[in-house]
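Summary of the model geometry
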Amino acid sequence: MSDERWVWGTGLVTTAENGTVLDTWFPSPEIGRIPLGLDPAMPPDDLDRHAVPDPRRAVTVDTITIEVDLDAAPSSTSDAYLRLHALSHRLVAPNAVNLDGIFGHLPNVAWTNAGPMHPDDAARLRPFLLRDGIQIQGLDKFPRLLDYVSLPGVRIADASRVRLGAYLSPGTTVMHEGFVNFNAGTLGASMVEGRISQGVVVGDGSDIGGGASIMGTLSGGGAHRVAIGARTLLGANAGVGISLGDDCVVEAGLYVTAGSKIVLADEPAGHDGARRSVKGAELSGRDGILYRRNSLTGAIEAVRRVGVGVTLNDALHA
(Lines give C-alpha, C1' and ligand atoms only; values in the text may rest on other atoms or scores of the structure.)
Protein backbone atom coordinates (compact mmCIF):
# COMPACT_ATOMS: atom_id res chain seq x y z
CA MET A 1 0.00 0.00 0.00
CA SER A 2 1.32 3.47 -0.90
CA ASP A 3 2.47 5.67 1.98
CA GLU A 4 0.42 8.44 0.35
CA ARG A 5 -2.68 6.72 1.72
CA TRP A 6 -1.45 7.20 5.28
CA VAL A 7 -1.32 10.28 7.48
CA TRP A 8 0.52 10.74 10.76
CA GLY A 9 0.81 13.40 13.41
CA THR A 10 1.87 14.33 16.92
CA GLY A 11 -0.75 16.10 18.97
CA LEU A 12 -2.39 16.83 22.30
CA VAL A 13 -5.18 14.54 23.47
CA THR A 14 -7.71 15.77 26.05
CA THR A 15 -9.25 13.17 28.36
CA ALA A 16 -12.07 13.58 30.91
CA GLU A 17 -11.87 12.23 34.45
CA ASN A 18 -14.04 9.25 33.50
CA GLY A 19 -11.56 8.24 30.77
CA THR A 20 -13.49 9.62 27.79
CA VAL A 21 -11.17 10.98 25.10
CA LEU A 22 -12.73 14.31 24.19
CA ASP A 23 -10.55 15.53 21.33
CA THR A 24 -7.06 15.52 19.82
CA TRP A 25 -5.31 18.50 18.28
CA PHE A 26 -2.70 17.80 15.60
CA PRO A 27 -0.88 21.08 14.77
CA SER A 28 1.06 19.74 11.75
CA PRO A 29 -0.23 16.43 10.35
CA GLU A 30 1.69 14.99 7.42
CA ILE A 31 1.04 12.51 4.65
CA GLY A 32 2.92 9.23 5.08
CA ARG A 33 3.97 6.86 7.87
CA ILE A 34 5.65 7.80 11.14
CA PRO A 35 9.29 8.47 10.17
CA LEU A 36 11.82 5.83 11.08
CA GLY A 37 13.77 6.80 14.17
CA LEU A 38 11.06 9.11 15.54
CA ASP A 39 10.42 8.31 19.20
CA PRO A 40 6.71 8.86 19.99
CA ALA A 41 7.67 9.07 23.67
CA MET A 42 9.72 12.22 22.95
CA PRO A 43 7.28 14.83 21.62
CA PRO A 44 8.46 18.29 20.57
CA ASP A 45 9.03 20.65 23.49
CA ASP A 46 6.53 23.19 22.16
CA LEU A 47 3.80 20.56 22.52
CA ASP A 48 5.07 18.76 25.62
CA ARG A 49 4.92 21.93 27.72
CA HIS A 50 1.16 22.10 27.08
CA ALA A 51 0.57 18.52 28.26
CA VAL A 52 -0.68 19.51 31.70
CA PRO A 53 -3.99 18.84 33.48
CA ASP A 54 -6.68 21.51 33.69
CA PRO A 55 -8.66 20.99 36.91
CA ARG A 56 -11.06 23.78 35.95
CA ARG A 57 -12.43 21.52 33.19
CA ALA A 58 -11.69 18.23 34.98
CA VAL A 59 -9.43 17.07 32.15
CA THR A 60 -5.90 15.86 31.55
CA VAL A 61 -3.87 16.67 28.45
CA ASP A 62 -1.23 14.31 27.07
CA THR A 63 0.86 14.03 23.92
CA ILE A 64 0.19 11.36 21.32
CA THR A 65 1.80 10.29 18.05
CA ILE A 66 -0.24 8.07 15.70
CA GLU A 67 -0.57 7.11 12.05
CA VAL A 68 -3.75 6.07 10.25
CA ASP A 69 -4.56 4.20 7.08
CA LEU A 70 -6.93 6.51 5.19
CA ASP A 71 -8.57 3.56 3.44
CA ALA A 72 -9.45 1.79 6.70
CA ALA A 73 -12.32 2.87 8.94
CA PRO A 74 -11.58 5.03 12.01
CA SER A 75 -10.65 3.00 15.09
CA SER A 76 -10.53 5.60 17.89
CA THR A 77 -11.29 9.20 18.77
CA SER A 78 -7.73 10.33 18.06
CA ASP A 79 -7.80 8.41 14.75
CA ALA A 80 -11.02 10.23 13.78
CA TYR A 81 -9.54 13.61 14.70
CA LEU A 82 -6.43 12.98 12.62
CA ARG A 83 -8.63 12.31 9.57
CA LEU A 84 -10.57 15.53 10.17
CA HIS A 85 -7.33 17.46 10.53
CA ALA A 86 -6.00 15.96 7.29
CA LEU A 87 -9.08 17.29 5.48
CA SER A 88 -8.90 20.77 6.97
CA HIS A 89 -5.13 21.00 6.41
CA ARG A 90 -5.89 20.22 2.72
CA LEU A 91 -3.76 17.07 2.79
CA VAL A 92 -6.63 15.01 1.34
CA ALA A 93 -9.74 16.02 -0.57
CA PRO A 94 -13.34 15.44 0.57
CA ASN A 95 -14.64 11.93 -0.13
CA ALA A 96 -11.05 10.61 -0.35
CA VAL A 97 -10.96 9.45 3.28
CA ASN A 98 -12.75 6.49 4.87
CA LEU A 99 -15.01 7.97 7.55
CA ASP A 100 -17.25 4.93 8.07
CA GLY A 101 -18.49 4.83 11.66
CA ILE A 102 -16.86 8.12 12.62
CA PHE A 103 -19.81 9.22 14.77
CA GLY A 104 -19.27 6.26 17.05
CA HIS A 105 -15.76 7.52 17.85
CA LEU A 106 -16.73 11.15 18.49
CA PRO A 107 -18.28 11.70 21.93
CA ASN A 108 -20.68 14.52 22.60
CA VAL A 109 -18.56 17.33 24.05
CA ALA A 110 -19.21 20.58 25.89
CA TRP A 111 -17.11 23.06 23.89
CA THR A 112 -15.95 25.97 26.02
CA ASN A 113 -13.76 29.01 25.40
CA ALA A 114 -11.11 27.19 27.49
CA GLY A 115 -11.33 23.89 25.60
CA PRO A 116 -13.45 20.71 25.60
CA MET A 117 -15.19 19.23 28.64
CA HIS A 118 -17.33 16.20 29.33
CA PRO A 119 -20.99 17.35 29.41
CA ASP A 120 -21.52 15.80 32.86
CA ASP A 121 -18.52 17.67 34.24
CA ALA A 122 -19.73 20.90 32.64
CA ALA A 123 -23.06 20.59 34.46
CA ARG A 124 -21.38 19.65 37.76
CA LEU A 125 -18.79 22.41 37.64
CA ARG A 126 -20.99 25.17 36.20
CA PRO A 127 -20.65 27.57 39.21
CA PHE A 128 -16.85 27.30 39.09
CA LEU A 129 -16.82 27.75 35.32
CA LEU A 130 -18.85 30.95 35.68
CA ARG A 131 -16.45 32.19 38.35
CA ASP A 132 -13.47 31.59 36.06
CA GLY A 133 -15.13 33.17 33.02
CA ILE A 134 -15.40 29.85 31.14
CA GLN A 135 -18.41 29.78 28.83
CA ILE A 136 -20.01 26.77 27.15
CA GLN A 137 -20.30 27.65 23.45
CA GLY A 138 -21.78 24.43 22.13
CA LEU A 139 -22.69 20.81 22.79
CA ASP A 140 -21.83 18.66 19.81
CA LYS A 141 -19.64 15.89 18.42
CA PHE A 142 -17.74 18.21 16.07
CA PRO A 143 -15.75 21.30 17.07
CA ARG A 144 -15.22 24.52 15.16
CA LEU A 145 -12.53 24.33 12.50
CA LEU A 146 -10.82 27.56 13.56
CA ASP A 147 -10.20 26.22 17.07
CA TYR A 148 -7.79 23.70 15.53
CA VAL A 149 -6.59 24.88 12.11
CA SER A 150 -5.50 28.25 10.69
CA LEU A 151 -6.34 28.60 7.00
CA PRO A 152 -4.24 31.08 4.97
CA GLY A 153 -6.20 32.80 2.22
CA VAL A 154 -9.65 31.96 3.66
CA ARG A 155 -12.25 34.24 5.27
CA ILE A 156 -14.77 32.82 7.77
CA ALA A 157 -17.14 35.43 9.19
CA ASP A 158 -18.62 33.19 11.93
CA ALA A 159 -16.36 30.46 13.31
CA SER A 160 -19.29 28.42 14.63
CA ARG A 161 -20.56 27.85 11.06
CA VAL A 162 -17.60 25.76 9.84
CA ARG A 163 -16.82 22.35 11.35
CA LEU A 164 -13.43 20.71 11.73
CA GLY A 165 -13.05 18.46 8.71
CA ALA A 166 -14.19 21.12 6.23
CA TYR A 167 -11.89 21.57 3.22
CA LEU A 168 -11.62 25.22 2.17
CA SER A 169 -9.39 26.32 -0.69
CA PRO A 170 -7.57 29.69 -0.76
CA GLY A 171 -9.81 32.52 -1.93
CA THR A 172 -12.92 31.06 -0.26
CA THR A 173 -15.17 33.39 1.72
CA VAL A 174 -17.75 31.94 4.12
CA MET A 175 -20.16 34.68 5.12
CA HIS A 176 -22.06 34.87 8.42
CA GLU A 177 -24.93 32.61 7.32
CA GLY A 178 -22.75 30.23 5.31
CA PHE A 179 -22.18 26.72 6.68
CA VAL A 180 -19.64 24.06 5.74
CA ASN A 181 -19.85 20.56 7.21
CA PHE A 182 -17.02 18.06 7.64
CA ASN A 183 -15.85 16.13 4.55
CA ALA A 184 -17.15 18.94 2.33
CA GLY A 185 -15.93 22.22 0.97
CA THR A 186 -14.53 24.24 -1.89
CA LEU A 187 -12.04 23.32 -4.62
CA GLY A 188 -11.17 26.92 -5.49
CA ALA A 189 -12.08 30.52 -4.72
CA SER A 190 -15.80 30.49 -3.87
CA MET A 191 -18.45 32.58 -2.14
CA VAL A 192 -20.40 30.62 0.49
CA GLU A 193 -23.52 32.27 1.86
CA GLY A 194 -25.56 29.07 2.05
CA ARG A 195 -25.17 25.50 3.27
CA ILE A 196 -22.57 23.01 2.01
CA SER A 197 -23.56 19.63 3.45
CA GLN A 198 -21.39 16.61 4.21
CA GLY A 199 -19.85 15.08 1.08
CA VAL A 200 -20.52 18.11 -1.14
CA VAL A 201 -17.73 19.85 -3.10
CA VAL A 202 -18.03 23.24 -4.81
CA GLY A 203 -15.92 24.15 -7.84
CA ASP A 204 -13.70 27.17 -8.44
CA GLY A 205 -15.43 30.51 -8.91
CA SER A 206 -18.88 29.36 -7.79
CA ASP A 207 -21.34 31.22 -5.57
CA ILE A 208 -23.65 29.53 -3.06
CA GLY A 209 -26.23 32.25 -2.45
CA GLY A 210 -27.71 33.37 0.84
CA GLY A 211 -29.97 30.74 2.40
CA ALA A 212 -29.22 28.23 -0.37
CA SER A 213 -28.88 24.55 0.53
CA ILE A 214 -27.06 21.63 -1.07
CA MET A 215 -28.40 18.20 -0.12
CA GLY A 216 -25.90 15.90 1.62
CA THR A 217 -25.94 12.20 2.40
CA LEU A 218 -26.40 12.26 6.20
CA SER A 219 -30.11 13.07 6.52
CA GLY A 220 -32.20 11.51 3.78
CA GLY A 221 -30.05 12.69 0.91
CA GLY A 222 -29.50 9.21 -0.51
CA ALA A 223 -26.20 7.84 -1.78
CA HIS A 224 -25.50 10.40 -4.52
CA ARG A 225 -22.75 12.83 -3.54
CA VAL A 226 -23.64 16.21 -4.97
CA ALA A 227 -20.95 18.28 -6.69
CA ILE A 228 -21.19 21.87 -7.87
CA GLY A 229 -19.10 22.77 -10.93
CA ALA A 230 -17.01 25.85 -11.64
CA ARG A 231 -18.48 29.35 -12.15
CA THR A 232 -21.93 28.14 -11.08
CA LEU A 233 -24.51 30.15 -9.14
CA LEU A 234 -26.97 28.66 -6.69
CA GLY A 235 -29.37 31.54 -6.16
CA ALA A 236 -30.55 32.87 -2.80
CA ASN A 237 -32.81 30.41 -0.94
CA ALA A 238 -32.42 27.86 -3.77
CA GLY A 239 -31.37 24.25 -3.34
CA VAL A 240 -30.25 21.17 -5.23
CA GLY A 241 -30.27 17.44 -4.68
CA ILE A 242 -28.51 16.83 -8.02
CA SER A 243 -25.04 17.78 -9.19
CA LEU A 244 -24.54 20.92 -11.24
CA GLY A 245 -21.93 21.17 -13.98
CA ASP A 246 -19.85 24.20 -14.92
CA ASP A 247 -21.48 27.55 -15.76
CA CYS A 248 -24.92 26.67 -14.39
CA VAL A 249 -27.49 28.87 -12.64
CA VAL A 250 -30.34 27.87 -10.34
CA GLU A 251 -32.93 30.61 -9.99
CA ALA A 252 -33.43 32.10 -6.52
CA GLY A 253 -35.93 30.18 -4.42
CA LEU A 254 -35.99 27.10 -6.67
CA TYR A 255 -35.24 23.63 -5.27
CA VAL A 256 -34.28 20.96 -7.81
CA THR A 257 -34.13 17.32 -6.71
CA ALA A 258 -33.43 14.06 -8.52
CA GLY A 259 -37.15 13.44 -8.80
CA SER A 260 -38.18 16.92 -9.94
CA LYS A 261 -40.06 16.99 -13.24
CA ILE A 262 -38.17 19.43 -15.47
CA VAL A 263 -39.42 20.79 -18.80
CA LEU A 264 -36.75 21.08 -21.52
CA ALA A 265 -37.81 24.54 -22.59
CA ASP A 266 -35.34 24.76 -25.52
CA GLU A 267 -36.79 21.76 -27.32
CA PRO A 268 -39.60 22.25 -29.86
CA ALA A 269 -43.10 21.47 -28.71
CA GLY A 270 -44.78 18.27 -29.81
CA HIS A 271 -48.01 17.94 -31.79
CA ASP A 272 -49.97 18.45 -28.60
CA GLY A 273 -48.07 21.68 -27.85
CA ALA A 274 -46.22 20.18 -24.89
CA ARG A 275 -42.47 20.04 -24.49
CA ARG A 276 -40.59 16.97 -23.30
CA SER A 277 -39.83 16.74 -19.59
CA VAL A 278 -37.29 14.62 -17.69
CA LYS A 279 -36.46 13.91 -14.07
CA GLY A 280 -33.78 16.03 -12.47
CA ALA A 281 -31.47 13.02 -12.17
CA GLU A 282 -31.14 12.92 -15.98
CA LEU A 283 -29.64 16.42 -16.00
CA SER A 284 -27.34 15.87 -13.01
CA GLY A 285 -23.82 17.14 -13.65
CA ARG A 286 -24.48 18.70 -17.07
CA ASP A 287 -22.77 21.99 -17.93
CA GLY A 288 -24.36 25.26 -19.00
CA ILE A 289 -27.93 24.94 -17.75
CA LEU A 290 -30.25 27.58 -16.30
CA TYR A 291 -32.89 26.11 -13.99
CA ARG A 292 -35.90 28.38 -13.55
CA ARG A 293 -39.57 28.35 -12.51
CA ASN A 294 -42.10 29.34 -15.19
CA SER A 295 -44.01 32.19 -13.58
CA LEU A 296 -47.21 31.35 -15.48
CA THR A 297 -47.39 27.56 -15.23
CA GLY A 298 -45.22 26.93 -12.16
CA ALA A 299 -43.24 24.26 -14.02
CA ILE A 300 -39.50 23.88 -13.49
CA GLU A 301 -37.68 24.54 -16.76
CA ALA A 302 -34.15 23.86 -17.97
CA VAL A 303 -32.68 26.23 -20.55
CA ARG A 304 -29.28 25.92 -22.22
CA ARG A 305 -26.80 28.68 -21.36
CA VAL A 306 -23.83 29.83 -23.42
CA GLY A 307 -20.63 31.53 -22.31
CA VAL A 308 -19.06 31.78 -18.88
CA GLY A 309 -21.18 31.60 -15.75
CA VAL A 310 -20.87 33.86 -12.71
CA THR A 311 -17.79 35.99 -12.07
CA LEU A 312 -16.69 36.58 -8.49
CA ASN A 313 -15.29 39.86 -7.20
CA ASP A 314 -11.49 39.42 -7.54
CA ALA A 315 -10.72 41.89 -4.74
CA LEU A 316 -13.13 40.17 -2.36
CA HIS A 317 -11.59 36.74 -2.91
CA ALA A 318 -7.93 37.73 -3.26
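These figures come from a predicted structure and were not determined experimentally.

Considerations on the pairing of strand β26 (residues 300-304)
Counting buried residues along β26, four of its five residues qualify, which places the element largely inside the surrounding structure. One ladder, built from three bridges, connects strand β23 (residues 261-264) with β26; its direction is parallel. In the strand pairing of β26, I262 is matched with I300. Bridge analysis of strand β25 (residues 289-293) against β26 gives five bridges, and the strand direction is antiparallel.

Points about the sheet that holds strand β21 (residues 249-250)
Within the open sheet, the 10 strands sit side by side as β8-β10-β13-β16-β19-β21-β25-β26-β23-β24. Their pairing is mixed. Of all strands in the sheet, those with a lone pairing partner are β8 (155-156) and β24 (277-279), marking the two edges. Taken together, the two bridges between β8 and strand β10 (residues 173-174) define a ladder with parallel strand orientation. Following the sheet pairing, R155 is matched in β10 by T173.

Concerning the environment of A159
In this fold, A159 is placed in the loop between β8 and β9 (166-167). The exposure class of A159 is partly exposed, given its relative accessible area of 23%. Between the C-alpha atoms of A159 and G239, which are 80 residues apart in sequence, the distance is 23 Å. Among residues more than four places away in sequence, those in contact with A159 are R144 and L146.

Let's talk about the side chain of T65
Along the chain, T65 falls in strand β4 (residues 59-69). Here T10 takes part through its side chain, which lies 2.8 Å from a polar atom of the side chain of T65. Beyond its immediate sequence surroundings of up to four residues, T65 is in contact with W8, G9, T10, I34, L38 and P40.

What about the sheet that holds strand β18 (residues 227-228)?
Taken in spatial order, the four strands of this open sheet run β9-β12-β15-β18, and their pairing is parallel. Among the strands making up the open sheet, the edge pair consists of β9 and β18. Sheet analysis places strand β15 (residues 201-202) next to β18, joined by two bridges and oriented parallel. Bridging from a neighbouring strand, V202 pairs with I228 of β18.

As for the pattern of salt bridges
Under the counting rule described, the total for this entry stands at 14 salt bridges. Of the charged contacts, one joins R5 and D71 as a salt bridge, the two residues approaching to 2.8 Å between their closest N and O atoms. Highlighted residues: R5 in the segment before β1 (6-16) and D71 in the loop between β4 and α2 (77-88), separated in sequence by 66 residues. Residue R5 is classed as partly exposed on the basis of its relative accessible area, which comes to 23%. What makes D71 partly exposed here is its relative accessible area of 42%. Residues R33 and E67 are paired through a salt bridge, measuring 2.9 Å at the closest nitrogen-oxygen approach. Separated by 34 residues along the polypeptide, R33 in the loop between β3 (30-31) and α1 (45-48) and E67 in strand β4 bring together distant segments of the chain. Judged by its relative accessible area of 26%, E67 is partly exposed. It is possible to trace a salt-bridge network through shared partners that takes in E17, D121 and R124.

Some thoughts on the packing of aromatic side chains
Under the counting rule described, the total for this entry stands at four aromatic pairs. Arranged with centres 5.9 Å apart and planes meeting at 75°, the rings of F103 and F142 form a pair that is edge-to-face. One end of the pair, F103, is in the loop between α2 and β5 (109-112); the other, F142, is in the loop between β7 (136-140) and β8, with 39 residues separating them in the sequence. Judged by its relative accessible area of 36%, F103 is partly exposed. Ring-pair connections join several aromatic residues into one group, and the members of that group are F103, F142 and F182. Across the ring face of W6, the terminal group of R33 is positioned such that the distance to the ring centre comes to 3.6 Å.

Focus: the side chain of D121
With respect to the secondary-structure elements, D121 resides in helix α3 (residues 119-124). Look past the residues within four positions of D121 in its chain and what remains in contact with it is A16, E17, R57 and A58.

Some details on the nonpolar core
Core analysis: the largest hydrophobic core is formed by 62 residues, its most contacted members being I214, V250 and Y291. Counting residues per element, this core draws most heavily on α2, at six residues. Here V250 is in contact with L233, L234, G235, A238, V240, L244, V256 and Y291, once residues within four sequence places are set aside. Ranked by size, the runner-up nonpolar core spans seven residues in total, among them A58, L125, L129 and I134.

Rules used in this analysis
Residues numbered from 1 in each chain as written. Predicted model: local features only at pLDDT ≥ 70, side-chain atom pairs only at ≥ 80, totals over all residues. Heavy atoms only, no water. Buried < 20%, exposed > 50% of the residue type's maximum accessible area, 1.4 Å probe, protein only. Helix = DSSP H or I, 4+ residues; strand = E, 2+ residues; numbered from the N terminus. Pairing = 2+ DSSP bridges. Contact = heavy atoms within 4.5 Å. Polar contact = N/O pair within 3.5 Å; in protein donor to acceptor, adjacent residues only side chain to side chain. Salt bridge = Lys/Arg side-chain N within 4 Å of Asp/Glu carboxyl O. Phe/Tyr/Trp six-rings, centres within 6.5 Å; stacked < 30°, edge-to-face > 60°. Lys NZ or Arg CZ within 6 Å of the ring centre and 35° of its normal. Core = buried A, V, L, I, M, F, W, Y, C linked by side-chain atoms within 4.5 Å.

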